[in-house]
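Reading the structure
If you want the building blocks of each chain, they are given just below.
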Amino acid sequence: MAFLKIDSLSKSYGETRALVDFSLEVEPAEVYALVGPDGAGKTTMIRILCRLLDPDEGKVTIDGRDVDSAFEKIKPLLGYMPQQFSLYPDLSVEENLTFYAGLYGLTGQAYREKRDYLYTFSNLAPFAKRRAAALSGGMKQKLALSCALIHDPKILILDEPTTGVDPLSRRQFWEILLQLKAQGVSVLVSTPYMDEVARCDRACFIFDGHKLSEGEPDSLAAQFEGSIYYYDTQPTAKIIGDLNGIPDLSASRFGAGMHLYLKPGDKLDRYLEALGSIGADIDRISPIKPSLEDRFIQLMEAR
Amino acid sequence: MHKIRYIALKELFHILRDFRSLLIVLAMPVMMTFLYGYAINMDIENIVISVVDLDKTAASRELTDRFFKSNYFSMAEEAPDFDDPEQLLRSDNATAILLIRPGFSEALQRGEKFQLGMTVDGSDASLASAVQAYSDAILLQFLMDRLPVGFEPPGLTVSRQVLYNPDLQSSHFFVPGLVAIILLMVSALLTSITIAREKETGTMEQLLTAPVKPYQILLGKLLPYIFIAFIDGVLVLIFAQTVFDVPFQGSYLLLLLFGFIYVATALSIGILISSLVRTQQVAMMIALVSTLLPSVMLSGFIFAIKNMPFLLQAVSRIVPATYFLKIIRGVMLKATGVETLIVPAASLVGLMVILLLLATRSFKTRIG
Amino acid sequence: MDMTHDGPLDSKRCAVEVDQLTRKFGDFTAVDAISLRVEYGEIFGFLGANGAGKTTAIRMLCGLLLPTSGTGRVAGFDVHRQPEMIKKSIGYMSQKFSLYPDLTGRENLEFYGAAYGLSRDRTRTRVEALSERLNLACFLNELSGDLPVGWRQRLALAASLLHQPKILFLDEPTGGVDPVFRRKFWGLLYELADEGVCIFVTTHYMDEAEYCGRVSIMHRGQIIEQGRPFELIKSGGFENLEEMFVDLIRSRGAARA
């Protein structure tokens, strides 16, 4: 049975529809990513899950309990990390941890053991007495995560925990999330970074308050309709123009080279002659896997 | 409830670590007492008058002397212009002109009636009545001193005994009231920003998902401030006593106990404001306006409540200073006992409970 | 219509050429002898963890910070002796701090025009030209704080182009923007590059880094890798730039805190 069940959630702010009939389920011991750009509705949804906002319509249940009516019972199971840093800047790392641990009823030896365990993977021990305001961005994220985990929650909800963080630190963060999954925790993460989807169990695309697609990472990208090739050559305006001139083929500049797009079911072989006639070098054209971004864009344009 | 303890401890950290604010919080009430204590001095002294002595005798000179030897009058720097004596009053160089015409000394010796002339600037009514009262008193004393020894003028006299403030020093009246008002304002200010700040900085978002209830947050935040505000109160009282010589007739313990209750009530006003409002700036403004003005105007600080229209009298009942004014004036000036003071004290407790209940009701557990 | 210049640029000329550029703060070496050569018309990606020295390096290239040692020329001006001239020749766009939310799009652009020293007439001409090219017309009269992220980015880009700089520095220009907008934004950048502008981009988004012509990766103040994304990926046998990045940094040991 799903640990987190979101049922037809809708929310509007005046004229703006932030969420439209959104449904989603997260299983126990599953890492689920909510992927979408700014303004897509990620934060709105997460706030509704944590009862920081009330939806216009729809229901949310966690561990079988209704968030709207039984949230006090859900609180001990829930670990939340908001998008902006929400701990106390004038309190030290240790003081922030002790405070939240106390609110969740964790004190004494049990607290110290849990704290030390969190210190090992966060590397915050040397900074225990430092004021939170004096921590670097990456350390703040780790502290926020530690406070969300101090009480051994069964579900962790993270709102863009890795925004602005470099790829290596992001990787490390995700490794922590995978460890949690191994311990049976459900994790719901929102992110604008497509490349993070690769590491989760399932993901969905959210855009304009709607769910565009959902599934395992590989299958999501594979749902791309058509095929993409990379042409490793100087992307001059002339070549791009010539390529676009070939019917059923579209080309655009990409980095130091070009992307060629073919329709579903089409094969590159059909174009060998046409390509040769404009002077394209077939040997420098190789197929590439469509990226999640490619698929996202395709879905967005379809809406 | 140990969760309240955690909230209170955290709040204490916030208070102690904001050193500059803490300094202001402790120094400000003392400074205000100082400033307002000296500024609000209702005793009228050193009224500027000009005495025009046309008699120029020993007697007239003695009368003139008496006017200026007292603290009540001081001499104008200019003499009035004979063509336009009122110019002196119009130009605010004197409040009154006393004219002693020739023949004063002779009339005195012969026991005849004589009229002195006094022109008074009536634009400040209380000043003018003070001039009249003081000059009558000086004249009467002058005459009495010339009477034969043993002579008693016939008529009624009133044997007056002014208790509690025999010199009618206004500071005894005002300073305790000032203490009450300053404490109210500072306390409300202190707590008004605490919840609003968590909303503004975003820390509330995290707190709301933790298993802690609104009443626990409110009480936890209230506790540390009670001690700070209490220290403020003690400082202000000591200051008032030493600088303004306000006597202390009653029990220190009683004042401390009831002062505690008063301060807690005042802090609860701030807590309520903080629950309702989203930004710290607005919270501070509301705290200032809702405590300073009503307490100065409606608590009995200057204006007697019984003289007010009914509606305002009703409003004065929800101003905590109204009750504490009775308590502090009672204890300091009249040595009033518990039996009388228990009534206003109970009203304060009732007010505090209502304020905290309202604060709990209006505490939002949602963002936005 | 040419967005930036009144005539073509010689694309063989070097926009940025630095050699052993170093910056120390006391004992701490923020940038450690980096060497770069970027030509006009190139889009160059600047990658690296926070604290690797990217910001310091870019500040030196923008004329905002003097190097401790090393040599360099940006837009033909010396980095040691002519930082003021460099500042005038470059455009800078930072996602977080570019626009005043209480001002409309037009007011923001007019403000920046004045700040760059353009006359009122010139500013007006440029605003019209950029508005047409970047499709900003409907957003010029809205408060920029009310605009969705993607349009704010466009506006910020326009602001950085008002004085027709030859070199553009873009700091995380498409963070949080939806993919369609990002593609369109990059289309604009490609057009600019075709007109001869040299573009420096910093980003944490590895997918986006692949849009660049060449990238460099900084680590502990040094440039540890440079090259075309496609080649870097292929030669290491990686799936994408992110894997390459992670593998590279991991092999070098922990980044600075």
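Residues numbered from 1 in each chain as written. Chains lettered and ligands numbered in written order. Predicted model: local features only at pLDDT ≥ 70, side-chain atom pairs only at ≥ 80, totals over all residues.

**Some points on the overall build of chain A**
- Secondary structure summary: chain A contains 10 helices and 14 strands in total.
- The 303 residues of chain A split such that 45% are buried.
- By sequence separation, contacts in chain A at least 24 residues apart represent 70% of the contacts at least 6 residues apart. (Helix = DSSP H or I, 4+ residues; strand = E, 2+ residues; numbered from the N terminus. Buried ≥ 20, exposed ≤ 12 C-beta atoms within 10 Å, placed from the backbone. Contact = placed C-beta atoms within 7 Å.)

**Observations regarding the overall build of chain B**
- Check the secondary structure of chain B and you find 14 helices and four strands.
- Since a compact globule built from 368 residues should have a radius of gyration of about 21 Å, the 28 Å found for chain B marks it as more spread out than a globular shape.
- For chain B, the spread of C-alpha atoms along the three principal axes comes to 95 × 45 × 40 Å.
- Within the span of chain B, comprising 368 residues, buried residues form 36% of the whole.
- For chain B, contacts bridging at least 24 residues in sequence account for 80% of all contacts bridging at least 6. (Rg over C-alpha atoms; globule rule 2.2 N^0.38 Å.)

**Quick look at the packing of helix α3 (residues 105-115) of chain C against helix α4 (residues 120-133) of chain C**
Residue and element names in this part refer to chain C.
- Contact geometry for α3 and α4: axes closest at 9 Å, N-to-C directions at 135°. Regarding the angle of α3 to α4, the classification is oblique. The way α3 lies across α4 gives a crossing that is right-handed. On α4, the residues touching Arg106, Leu109, Glu110, Gly113 and Ala114 of α3 are Thr123, Arg126 and Val127.
- Its residues assigned to classes, the contact of α3 with α4 comprises three nonpolar, two polar and three charged. (Axes fitted to C-alpha atoms, helices over the stretch in contact; angles between N-to-C directions. Parallel < 35°, antiparallel > 145°, perpendicular 65-115°, else oblique. Left-handed = near helix turned anticlockwise from the far one by under 90°. Nonpolar A, V, L, I, M, F, W, Y, C, P; charged D, E, K, R; others polar.)

**Thoughts on the confidence of the model for chain B**
- Across chain B, the average pLDDT comes to 87, with 93% of residues at or above 70.
- Interface confidence for the predicted complex, expressed as ipTM, amounts to 0.89; the pTM equals 0.81. (pLDDT = per-residue confidence, 0-100.)

**Structural notes on the interface of chain A and chain B**
- In this complex, chain A contributes 23 residues to the contact, which on the side of chain B involves 18 residues.
- Counting only elements with at least two residues in the side of chain A that touches chain B, the list comes to β6 (78-81) and α3 (93-103) of chain A.
- Examining the composition of the side of chain A that touches chain B, we find that five residues originate from one element, α3 of chain A, more than from any other.
- Residue composition of the side of chain A that touches chain B, by class: 14 nonpolar, three polar and six charged.

**Some points on the packing of α3 of chain A against helix α1 (residues 2-17) of chain B**
- Relative orientation of the contacting elements α3 of chain A and α1 of chain B amounts to 160°, with a least axis distance of 8 Å. With respect to their mutual orientation, α3 of chain A and α1 of chain B come out roughly antiparallel. Taken as a pair, α3 of chain A and α1 of chain B cross one another with a handedness that is left-handed. Counted together, Glu95, Phe99, Gly102 and Leu103 of chain A of α3 of chain A and Lys3, Tyr6, Lys10 and Phe13 of chain B of α1 of chain B form the full contact between these two elements.

**Side note on the interface of chain C and chain A**
- Each partner contributes to the interface: chain C provides 30 residues, whereas chain A provides 32 residues.
- Secondary structure elements with two or more residues in the side of chain C that touches chain A: α6 (179-194), α7 (206-209), α8 (229-236) and α9 (241-252) of chain C.
- Ranked by residue count, the leading element in the side of chain C that touches chain A is α6 of chain C, at five residues.
- When its residues are assigned to classes, the side of chain C that touches chain A shows 18 nonpolar, four polar and eight charged.

**Here's the deal with the sheet that holds strand β1 (residues 14-25) of chain C**
Residue and element names in this part refer to chain C.
- If you trace the four strands from one edge of the open sheet to the other, you get β2-β1-β4-β5, paired in antiparallel fashion. Across the chains shown, the open sheet's two edge strands, defined by having one partner strand only, are β2 (28-39) and β5 (77-78).
- Both strand β4 (residues 69-74) and β5 contribute to a ladder of two bridges, which runs antiparallel. By the bridge assignment for β5, Arg73 is matched with Asp78. (Pairing = 2+ DSSP bridges.)

**Some remarks on the arrangement of the chains**
- Across the two pairs of chains in contact, the largest number of contacts is found between chains A and C.
- Note that chain B does not reach chain C: the shortest distance linking a C-alpha of one to a C-alpha of the other is 17 Å.

**A word on the nonpolar core**
- Residues Ile157 of chain A, Val179 and Leu183 of chain B together with Ile199 of chain C are the most contacted members of the largest nonpolar core, which totals 223 residues.
- It is helix α7 (residues 170-201) of chain B that provides the largest number of residues to this core, a total of 17 residues.
- In contact with Ile157 of chain A, not counting residues within four places along its chain, are Ile46, Leu49, Cys50, Leu78, Tyr80 and Leu188 of chain A.
- The next biggest cluster of nonpolar side chains, apart from the first, holds 18 residues, and it includes Ile49, Tyr72, Phe73 and Ala96 of chain B. (Core = buried A, V, L, I, M, F, W, Y, C linked by C-beta atoms within 7 Å.)

**Topic: the environment of Val120 of chain B**
Residue and element names in this part refer to chain B.
- Examined against the element boundaries, Val120 turns out to sit in strand β4 (residues 117-120).
- Expressed as a C-alpha distance, the spacing of Val120 and Val246, which sit 126 residues apart in the sequence, is 34 Å.
- Leaving out residues up to four positions away in the same chain, Val120 has contacts with Thr95, Ala96, Ala128 and Val131.

**Observations concerning the sheet that holds β4 of chain B**
Residue and element names in this part refer to chain B.
- In spatial order, the strands read β2-β1-β3-β4; together these four strands make up an open sheet with mixed pairing. Each edge of the open sheet carries a strand with a single partner, namely β2 (73-75) and β4. On average, adjacent strands in this sheet sit at an angle of 30° to one another, irrespective of strand direction.
- Pairing between strand β1 (residues 47-53) and β2: three bridges, direction parallel. Residue pairing for β2: Val48 is matched across the bridge by Ser74.
- The strands touched by helix α3 (residues 58-69) within the sheet are β1, β2 and β3 (96-100), with β1 carrying the most contacts at an inclination of about 175°.

**Comments concerning α1 of chain B**
- Here α1 of chain B spans 23 Å end to end across 16 residues, near enough to the 22 Å set by a 1.5 Å rise per residue.
- Where α1 of chain B is buried, its residues touch α3 of chain A together with α9 (214-244) of chain B. (Expected span 1.5 Å × (residues − 1).)

**Focus: unusual backbone geometry**
Residue and element names in this part refer to chain A.
- Residue Arg51 is not a glycine yet carries a positive backbone phi of 55°.
- Take Arg51: there are 20 C-beta atoms within 10 Å of it, and that puts it in the buried class.
- Backbone geometry places Glu160, a non-glycine residue, at a positive phi of 45°.
- Its location among the elements puts Glu160 in the loop between β7 (155-159) and α6 (167-182).

**Remarks on the pairing of strand β9 (residues 202-207) of chain A**
All names here are of chain A.
- Summarising the sheet, strand β3 (residues 31-35) and β9 pair through four bridges and their orientation is parallel. Counterpart to Ala33 in the pairing with β9 is Ala203.
- Here β9 runs beside strand β10 (residues 210-215); their pairing, made up of five bridges, is antiparallel. Residue pairing across strands places Phe207 opposite His210, the latter belonging to β10.

**Quick notes on the pairing of β6 of chain A**
Residues and elements named next belong to chain A.
- Here β6 shows a buried face lined by Leu78 and Tyr80 and a second buried face lined by Gly79 and Met81.
- Strand direction decides the pairing type here: β6 and β7, joined by four bridges, are parallel. For Tyr80, the partnering residue across the bridge sits in β7 and is Ile157.

**Focus: α3 of chain B**
Residue and element names in this part refer to chain B.
- The first and last C-alpha atoms of α3 sit 16 Å apart over 12 residues, in line with the 16 Å expected at 1.5 Å per residue.
- For α3, the complete set of buried residues consists of Ser60, Leu63 and Phe67. What you see down the axis of α3 is that its buried residues fit within an arc of 60°, all on one side. Along α3, exposed side chains directed more than 90 degrees from the buried face belong to Ala58, Asp65 and Lys69.
- Residues of α3 that are buried make contact with β1, β2, β3, α5 (104-110) and α6 (125-146). (Arc of directions from axis to C-beta.)

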